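# Fold and geometry: a report
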Amino acid sequence: THTHTSSHFSPHNPLSMKLVVLAAGYGTRLTRDIAADSSGRYAHLVGLPKPLLPVGGKPLITRWMEHVAGLPLIDGVYVVVNNTNKELFVKWLADLSSSKDSSYPPVTLISDGSTTNDNRSGAVAAMHLAAARIREDCRANHDRGADTNTDVDVLVVAGDTLLLDDFRLADVLRDFLAKHRGAQSSSDQQQLSVSTHNSCMVLTYTTDDDGASKYGILELDSGSNKVTAFLEKPGPARTASRQACPCVYILSPAALDLLPVFLHERRDAPLAERDAPGNFVRYLIDKVDVFAVPISGRFDVGGLASYEECDAYFLARGS
């Protein structure tokens, strides 16, 4: 595993959370769509990983950095890339580090070592790779005498996913801390140690019958919004729920402990079973409490049409 870390440093927080961006995919569908596009308008995007696609004038992943900029709770970002696209992310990170905005948390790039779509690690393995590195870094800081926790919550996001512009990560994190980590407000975090609560959080929005065939769908307890089932692209007839679930999760230390167990149990299964992160959510809900927080919607940049829609949305808003 090869890593590259930015030079920014942020103030320490006794209760911290790390952001993990999954960026080790190969974007095969988008590559095919661009090759089939006779207009040639998107030829300049060939070879560009989806998290680095320009969306509304800035790389998609930079929009996630803007979500966490200035949030004391998020004190580190880990981006899992592949060996083929790593240098493009090194350049992105250099550009980010030279920007005037110094409120970004430090960023660590981790390569999964893969070189093609055929030998890719898969999303769940990438989550485990990042979680292991985070714990390694936390232990090293602790061993050096820093007042740090060796186990932290991790916010995992897919590098091809963006949420609508009314999404406020700070509000979601504040509510998560209040409900599941015993904090009354984000300002209380200086007085907190890591909670023993093991609950996790996912996001959800209402989709339609077509979306029920395209996305992972949650079934929820109506009183608590606890996730009772995760269905992978079930179709409209299999469930009455239309609660889609993007790959934006807060995973507790207990959930992170289950990543290698999940991977070991599926070591001989087809890669697809270890690649879709929703498969881990489905596995998780039987073992720890997972609660859903409603949002208004998301963009999942898969092919060219969804990229055009996402880019146009943010261009129109000038955000």
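The rules behind these values
Residues numbered from 1 in each chain as written. Predicted model: local features only at pLDDT ≥ 70, side-chain atom pairs only at ≥ 80, totals over all residues. Heavy atoms only, no water. Salt bridge = Lys/Arg side-chain N within 4 Å of Asp/Glu carboxyl O. Helix = DSSP H or I, 4+ residues; strand = E, 2+ residues; numbered from the N terminus. Buried < 20%, exposed > 50% of the residue type's maximum accessible area, 1.4 Å probe, protein only. Polar contact = N/O pair within 3.5 Å; in protein donor to acceptor, adjacent residues only side chain to side chain. Core = buried A, V, L, I, M, F, W, Y, C linked by side-chain atoms within 4.5 Å. Phe/Tyr/Trp six-rings, centres within 6.5 Å; stacked < 30°, edge-to-face > 60°. Lys NZ or Arg CZ within 6 Å of the ring centre and 35° of its normal. pLDDT = per-residue confidence, 0-100. Contact = heavy atoms within 4.5 Å. Axes fitted to C-alpha atoms, helices over the stretch in contact; angles between N-to-C directions. Parallel < 35°, antiparallel > 145°, perpendicular 65-115°, else oblique. Nonpolar A, V, L, I, M, F, W, Y, C, P; charged D, E, K, R; others polar.

### A few points about the pattern of salt bridges
All told, the structure shown has 14 salt bridges when counted by the stated rule. Arg 41 serves as the salt-bridge partner of Glu 308, at 3.4 Å between the closest nitrogen and oxygen. You can see Glu 308 sitting in helix 10 (residues 304-317) and its partner Arg 41 sitting in the loop between helix 1 (28-36) and strand 3 (54-55), a full 267 residues away along the chain. Overall, the relative accessible area of 53% leaves Arg 41 in the exposed class.

### Digging into the environment of Lys 226
Its place among the elements puts Lys 226 in the loop between strand 10 (216-220) and strand 11 (227-232). In this structure, the C-alpha to C-alpha distance between Lys 226 and Val 290, residues 64 residues apart in sequence, is 5.8 Å. Within polar-contact distance, the side chain of Lys 226 engages the side chain of Asp 289 at 3.0 Å.

### Looking at helix 9 (residues 277-284)
Judged by how many residues are buried, helix 9 sits mostly within the fold: seven of eight residues are covered. Of all the positions in helix 9, only Pro 277, Gly 278, Asn 279, Phe 280, Val 281, Tyr 283 and Leu 284 are classed as buried.

### With respect to the nonpolar core
In this structure, Val 79, Phe 89, Trp 92, Val 107 and Leu 155 are the most contacted members of the largest nonpolar core, which totals 59 residues. One finds Ala 126, Ala 158, Ala 254 and Leu 258 within the second-largest nonpolar core, a separate group that totals 42 residues.

### Some words on the packing of aromatic side chains
All told, the structure shown has eight aromatic pairs when counted by the stated rule. With a centroid separation of 5.2 Å and 70 degrees between ring planes, the pair formed by Phe 262 and Tyr 283 is classed as edge-to-face. Here the residue Phe 262 occupies a position in helix 7 (residues 253-265), and Tyr 283 occupies one in helix 9, the gap between them amounting to 21 residues. Residue class for Phe 262 comes out buried when judged on its relative accessible area of 0%. In this structure Tyr 283 comes out as buried when scored by relative accessible area, which is 8%. What links up through ring pairs into an aromatic cluster is the set Phe 262, Phe 280 and Tyr 283. Geometry around Tyr 283 places Lys 287 over its ring, the cationic atom sitting 4.0 Å from the centre.

### As for the confidence of the model for the protein
For the protein, the average pLDDT comes to 88, and 89% of its residues sit at 70 or higher. By mean pLDDT, the top-scoring element of the protein is strand 12 (residues 243-244) (98), and the lowest-scoring one is strand 1 (residues 3-5) (51). Across residues 5-14, confidence stays below pLDDT 50; counting only partners more than four residues off in sequence or on other chains, it has 29 contacts. The model gives residues 184-196 a pLDDT under 50, and that stretch makes 22 contacts with residues more than four places away or in other chains.

### Some thoughts on unusual backbone geometry
Non-glycine residue Asn 225 carries a positive phi angle of around 65 degrees. The phi angle at Lys 233 is positive, at roughly 45 degrees, despite the residue not being glycine. In this structure, Lys 233 sits in the loop between strand 11 and strand 12.

### Some words on the packing of helix 7 against helix 9
It is the contact of helix 7 with helix 9, at a shortest axis distance of 11 Å, that shows an interaxial angle of 110 degrees. It follows from the interaxial angle that helix 7 and helix 9 lie roughly perpendicular. Together, Ala 255, Leu 258, Leu 259, Val 261, Phe 262 and Glu 265 of helix 7 and Asn 279, Phe 280, Tyr 283 and Leu 284 of helix 9 make up the contact between the two elements. Looking at the contact of helix 7 with helix 9 residue by residue, the class counts come to eight nonpolar, one polar and one charged.

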